[in-house]
Amino acid sequence: MLLDFNAEPRPPRLALPVGVGIGKTRAMQRSVAGLLRSEALRGRKVVIGVPRHDLAEEQRDAFYALDVDAMVWKGRTAPDPTTDNPERLMCLDPSAPFDAMEVERIVETTSCKVTRRGVTHICPLYNSCGYQAQKPRLEAAQVVLTAHDTLFHQAPNEIGAVGLLVLDEGFWGAGLRGTDGKALLTLDGLRPHLGTLQCYTSRNQEDWEATADLAAQRERLWKVLATATNGPLSVAALRAAGLTPERCRQAAGLEHRRMRNPGLTPGMDPGERRRRIASVLPKEGEPWAPPNRGAAMWLLIAEALENDHDVAGAVLVDTMSENGTVRCLRLAWRADLRDGWGAQGPILHLDATLRPELVTPFIPEVTIAEPLMATEPHVRVRQILRAPVSAKALTPGKDAKSRDRSAAENHRRQVSALIALRAASLRGRSASPPDLLIIAQKAAVNALRAAGLPRNVQAVHFNALSGIDRWRSVAGLMVLGRTLPVPLTVEALAAAVTNCPPLASRGDVTWWYEQEERRIALADGGAHVLPGEVHADPTAEAIRWTICEGEVIQAIGRGRGVNRTAATPLEVDLLTDVVLPVAVHEVLDWDEVCPSRQDMMAASGVVLENAADMVRAFPDLWPSHDAARQQKARSVTSCYYRDLSNSRTSHSSSIVAYRPAGPGQKDRTARFDLVLISDPRAWLEGKLGPLAHYEMIGGAAPQPARHPIADARARLIALSALLDAALAQRITHDRARLTALSHRMEAAQPNPAAA
């Protein structure tokens, strides 16, 4: 083997799986700050890609605290709201960049500013444009933070040299193109002898030699398209037609030369701009294959020929149009990280749910490190199986059957009661609100919010969680359900990532995933067997796992369990049937947990003892007196509720004695949660009518939530003071009752003088 001693050394590329909540982002920030201070980068910038701009802004502030000059770079279509215009975008004339992209021109020199033949053409909004205003900061900054999607587009010249690219969290989804199914090429537009096949020189002159070369490759491709059935293009048929990777790559370059330069300049009148664009595009209705899509098609075919597999990124389909059914090639592909952002230099990728199958296609020479995880001794996890928290169970569509809508309403009531009871048990345990965080699918979150959530509860939806740190002090976290797309969706994404047809073996049920036995790892060393979905194709399975299990792991990580102590424990409730790489302390079935009517009553802030009053106050729970009496006779057996509150509301509860007005009424008691129902008498009179007697016989007004006291002695002193206060209150209350009784007895005695 010959060694090339003149070859450039390969830059390091490292992908590091780091567990959620360990602090990977902060550790990275400190390391980057140290690297910049050491001058090892020699003035080159560090680019950090994150999922969203809000996370970029959080990191920018963190770098400021480390004395590092950082800025957030935003694209032209990113929001740039002001007080006067909350809908404002970074580019103040977004139609101009879109026009430039339609005819494949460079946006900066076509829409913003350019000097040609000594004349400067400039957009009239250039000096007030948010996109342009960030360029001086870009030139000066040491660290540039931007959204993952930006890294797949051309970098601005002002960025200069990049010494390190950091990819924080999963980025693969931002690099996929055509997965919405809209990147279509009609077969009519791919015919080899169309007038729109003409190629041009840079001066808009007809290039007949290039046109002939492209027509020759289109002729070979047409032999395949004209006889192929629907599905991925066959690599055997493409090879038999005489296509080679070299010919396909040449054709990809020639496709771009089909687009003439319309001569657009910054500041051009929009009407003139559209007139010029129309002059270089085919007439409406004329067969046409957009050059960019045509080039993408050829590159997909070249890759398939090189690797000897069918072209999964170019699939023949029938689509409907105004003129009927049209045969098309549907394209989906993987974009490349752009060199201007540092894609050819050192790369560090950090992700809690990293899957190598989704990293190596974008960074081929990456080294996948061993996962870095941490124990969480102060986190307790309960997993509740077979809970009705799927989209169908909680939020069926408008076309759902009436029985499904009725069942969903009942499920929402049960889940809402569960949340309320959990919130009551955790009230005041968090250092700052909320006490309980709910994570579910977006439609479920909206439905639960509409039904009303306790004041100490927040609800957020999946797919908008990674990197967020604002819930690090919650006392409890409840995950409802999971996100799981159908196999066809996962397979389409896998095809875009690899351009290789995914394995589609799905066992007996052809429309769903295969099932395999999985085991929930119990904290005591045992295991709970559970069937779980799996896809036969490695890339498709990696995507399925990332969207499903990976998103639940991200949800759990919002509680930052690794940072908890004995004084700040975290309670996690998983209402999902997926198996996760976490230790579970208790596995329960929904039947053990499902709130009874008594529990639903308790969740509203009151527990009534009288069956007749239960019917009057909660007619939607108990339609009859007999139903309420039967409910009272049942004992509470749920170990879940025994851990929570055993249907006794919260520690701020108070017992009241009351008697409704009317003949034959007797004294009865009820327990109220004073946080939820601050005026028990008003509530009782609103539900039952006037009261002949009302008396609060236990409890006190709720105290404001306090941070848990770590010192055991201080807690004992505080407890003693509370007991003393309660005893003093009871003694005062009893003394007043005895005094009143004494006065009544004296008044009832016969008067001797009168005798």
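Shown above is the structure to which this text applies.
Residues numbered from 1 in each chain as written. Predicted model: local features only at pLDDT ≥ 70, side-chain atom pairs only at ≥ 80, totals over all residues. Heavy atoms only, no water.

## A short note on the sheet that holds strand S24 (residues 606–608)
Then, number 1: An order of S24-S26-S25-S27 is seen for the four strands of this open sheet, with the pairing classed as antiparallel. For this open sheet the edge positions go to S24 and strand S27 (691–698), each flanked by a neighbour on one side alone. Between one strand and the next, the sheet's axes are offset by a mean angle of 25 degrees, whatever the strand orientation.
Then, number 2: Bridge analysis of strand S25 (residues 653–660) against strand S26 (residues 668–673) gives six bridges, and the strand direction is antiparallel. Across the sheet, residue Ser-653 finds its bridge partner in S26, namely Asp-673.
Then, number 3: Lying over the sheet, helix H23 (residues 680–688) contacts S24, S25, S26 and S27, oriented at roughly 145 degrees with respect to S27. (Pairing = 2+ DSSP bridges. Helix = DSSP H or I, 4+ residues; strand = E, 2+ residues; numbered from the N terminus. Axes fitted to C-alpha atoms, helices over the stretch in contact; angles between N-to-C directions. Contact = heavy atoms within 4.5 Å.)

## Section: the state of the cysteines
Then, number 1: Evaluated as defined, the whole model comprises zero disulfides.
Then, number 2: Left without a disulfide partner, Cys-129 is nearest to the cysteine sulfur of Cys-91, which lies 5.4 Å away.
Then, number 3: You can call Cys-129 buried: its relative accessible area is 8%. (Disulfide = S-S within 2.5 Å. Buried < 20%, exposed > 50% of the residue type's maximum accessible area, 1.4 Å probe, protein only.)

## Looking at the pattern of salt bridges
Then, number 1: Scanning the model with the defined rule gives 48 salt bridges in all.
Then, number 2: With a closest N to O distance of 2.7 Å, Arg-274 and Asp-99 form a salt bridge. Separated by 175 residues along the polypeptide, Arg-274 in helix H10 (residues 270–280) and Asp-99 in helix H3 (residues 95–102) bring together distant segments of the chain.
Then, number 3: Arg-274 gets classed as partly exposed once you look at its relative accessible area, which sits at 37%.
Then, number 4: Between Lys-135 and Glu-158 there is a salt bridge, with its nearest N and O atoms 3.8 Å apart. Pair noted here: Lys-135 is in helix H6 (residues 135–140) and Glu-158 is in the loop between strand S6 (143–147) and strand S7 (162–168), with a separation of 23 residues, a long-range link.
Then, number 5: Taking relative accessible area as the criterion, Lys-135 reaches 6% and is therefore assigned buried.
Then, number 6: Members of the salt-bridge network, linked through shared partners, are Arg-380, Arg-382, Arg-422, Glu-571, Asp-573 and Glu-586. (Salt bridge = Lys/Arg side-chain N within 4 Å of Asp/Glu carboxyl O.)

## A closer look at the pairing of strand S16 (residues 379–385)
Then, number 1: The element S16 is extensively covered by neighbouring structure, given that six of its seven residues are classed as buried.
Then, number 2: Where S16 lies against strand S22 (residues 570–575), five bridges are found, and the strand directions are parallel. Among the inter-strand pairings, Val-381 is bridged to a residue of S22, identified as Val-572.

## Here's the deal with the packing of aromatic side chains
Then, number 1: Enumeration according to the criterion identifies eight aromatic pairs in this entry.
Then, number 2: Ring centres of Phe-171 and Phe-362 lie 5.5 Å apart, and the angle between their planes is 70 degrees; on these two criteria the pair is classed as edge-to-face. Of the two residues, Phe-171 is situated in the loop between S7 and strand S8 (176–177) and Phe-362 in the loop between strand S14 (347–351) and strand S15 (367–368); the sequence distance between them amounts to 191 residues. As far as burial versus exposure is concerned, Phe-171 and Phe-362 are alike and both buried.
Then, number 3: For the ring pair Trp-512 and Tyr-513, a centre distance of 5.0 Å and an interplane angle of 75 degrees mean the geometry is edge-to-face. (Phe/Tyr/Trp six-rings, centres within 6.5 Å; stacked < 30°, edge-to-face > 60°.)

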